[in-house]
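# Secondary and tertiary structure notes
As a plain string of letters, each chain reads:
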Amino acid sequence: MDIQIATLCDFAADYNGKMVINGTFDTLAAPQMPVVHPHCCLAMRLCITPEDSGQRKFSVNIIDADGNSLDDKMPIEADMPIELPESVPFMTRNLILNLQGLQFPEDGIYSIDISIDDELMTRIPLRIVEHDPSAQQAEA
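From a predicted model like this one, the values you see are computed outputs, not experimental measurements.

Once that is clear, we can look at the overall build of the chain. The helix and strand tally for the chain stands at one helix and nine strands. Reading the chain from its N end, one meets helices and strands in the order β-β-β-β-β-β-β-β-β-α. Considering only C-alpha atoms, the chain reaches an extent of 65 × 30 × 20 Å along its principal axes. In the chain, the proportion of contacts linking residues at least 24 apart, taken out of those at least 6 apart, comes to 72%. If you sum the accessible surface of the chain, you get close to 8500 Å²; carbon and sulfur atoms cover 47% of it. One finds the centroid of the 8 positive side-chain charges in the chain at a distance of 7 Å from the centroid of its 23 negative side-chain charges.

Our focus in this paragraph is the sheet that holds strand 3 (residues 27-30). Reading across from one edge, 3-9-8-5-6 is the order of the five strands in this open sheet, with mixed pairing throughout. Edge strands, defined here as strands with exactly one partner in the open sheet, are strand 3 and strand 6 (76-82). Strand-to-strand, the axes of this sheet are offset by a mean angle of 20°, without reference to chain direction. Here four bridges tie strand 3 to strand 9 (residues 119-130), and the two strands are oriented parallel to one another.

This structure, assessed with the given rule, holds one aromatic pair. Here the aromatic rings of Phe104 and Tyr110 are separated by 5.0 Å at their centres, their planes lie at 75°, and the arrangement is edge-to-face. Take Phe104 and Tyr110: they sit in the same class, and that class is buried.

This part takes up the pairing of strand 2 (residues 18-24). As defined by bridge partners, strand 1 (residues 2-15) adjoins strand 2 across six bridges and the pair is classed as antiparallel. Across the sheet, the residue bridging to Cys9 is Thr24, located in strand 2. In textbook terms, the turn of a hairpin is the stretch between consecutive antiparallel strands, and for strand 1 and strand 2 this stretch comprises two residues, one of which, Asn16, has a positive phi near 55°.

Read from one edge to the other, the open sheet built from four strands follows the order 2-1-4-7, with strand pairing classed as antiparallel. Edge positions in the sheet fall to strand 2 and strand 7 (91-104), since each has one partner strand and no second. On average, adjacent strands in this sheet sit at an angle of 45° to one another, irrespective of strand direction.

With that settled, consider the pattern of salt bridges. Note on pairing: side chains with opposite charge can pair once their charged atoms come close. A full pass over the atoms with the stated rule returns four salt bridges. Arg56 is paired through a salt bridge with Asp117; the nearest N and O atoms lie 3.0 Å apart. Residue Arg56 is found in strand 5 (residues 54-63), and its partner Asp117 is found in the loop between strand 8 (108-116) and strand 9; the two are separated by 61 residues along the sequence. A salt bridge links Glu77 to Lys57; the nearest nitrogen and oxygen atoms lie 3.9 Å apart. Here Glu77, found in strand 6, pairs with Lys57, found in strand 5; they are 20 residues apart in sequence, far enough to count as distant. In this structure, a network of salt bridges that share partners links the residues Lys57, Glu77 and Asp118.

Scoring rules and cut-offs
Numbers given to residues run from 1 along each chain, matching the order in which its sequence is written. Given that this is a predicted model, residues contribute local features only at a pLDDT of at least 70 and side-chain atom pairs are listed and counted only at 80 or more, while totals for whole chains, interfaces and linings are drawn from all residues. Heavy atoms from the whole structure form the basis of all side-chain values; hydrogens and water molecules are not counted. Counting from the N terminus, the helices are DSSP H or I runs at least four residues long and the strands are E runs at least two residues long. Contacts are residue-level and defined by heavy atoms, with any inter-residue pair within 4.5 Å sufficient. Where accessible areas are quoted, they stem from the Shrake-Rupley method and a 1.4 Å probe; at the residue level, only the protein chains shown are allowed to cover. When charges are tallied, Lys and Arg are placed among the positive residues and Asp and Glu among the negative ones, while His and the ends of the chain are skipped. Lys charges are placed at NZ, Arg charges at CZ, Asp charges at CG and Glu charges at CD. Two strands pair under a simple rule: DSSP has to find at least two bridges between them. Axis lines are fitted through C-alpha atoms, for helices just across the contact stretch, and the angle between N-to-C directions can take any value from 0 to 180 degrees. Any Phe, Tyr or Trp ring, taking Trp's six-membered ring, that has another such ring centre within 6.5 Å forms a pair; planes under 30 degrees apart are called stacked, those over 60 apart edge-to-face, and the others tilted. Summary of the burial criterion: residues with accessible area below 20% of their type's maximum are buried, those above 50% are exposed, and those between are partly exposed, where the area comes from a 1.4 Å probe applied to protein chains only. Here, a salt bridge means any side-chain nitrogen of Lys or Arg that lies within 4 Å of a carboxyl oxygen of Asp or Glu.

Set out below in structure tokens:
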């Protein structure tokens, strides 16, 4: 199984197998910590081949720099049964997770780990920075 796309974004949707991604980002800036990000999406596109057939376990975990899960709701896990017809050499599937109310206790580097059958498939870095725009204006 190949993850062709994995990105954090403001919005994502699937329209008849075509993925629409809007506002991809890798950094969030906030005037103070902790910060709660009200809504974002994890958009993924998987390419599946006949060798991937069977019962799979899919998981997403958001971790801090020390490898600790962001909160007690992590990891997000789901069973993922895969079966391709014999005449199909590959197929793609779009997966979109809507994430609401993510709370980051402090600034730093976080990661979004995507695993299949407990094997890390990809890691998306996310930087949280504390930035007070009023302090910058005072310096000008």
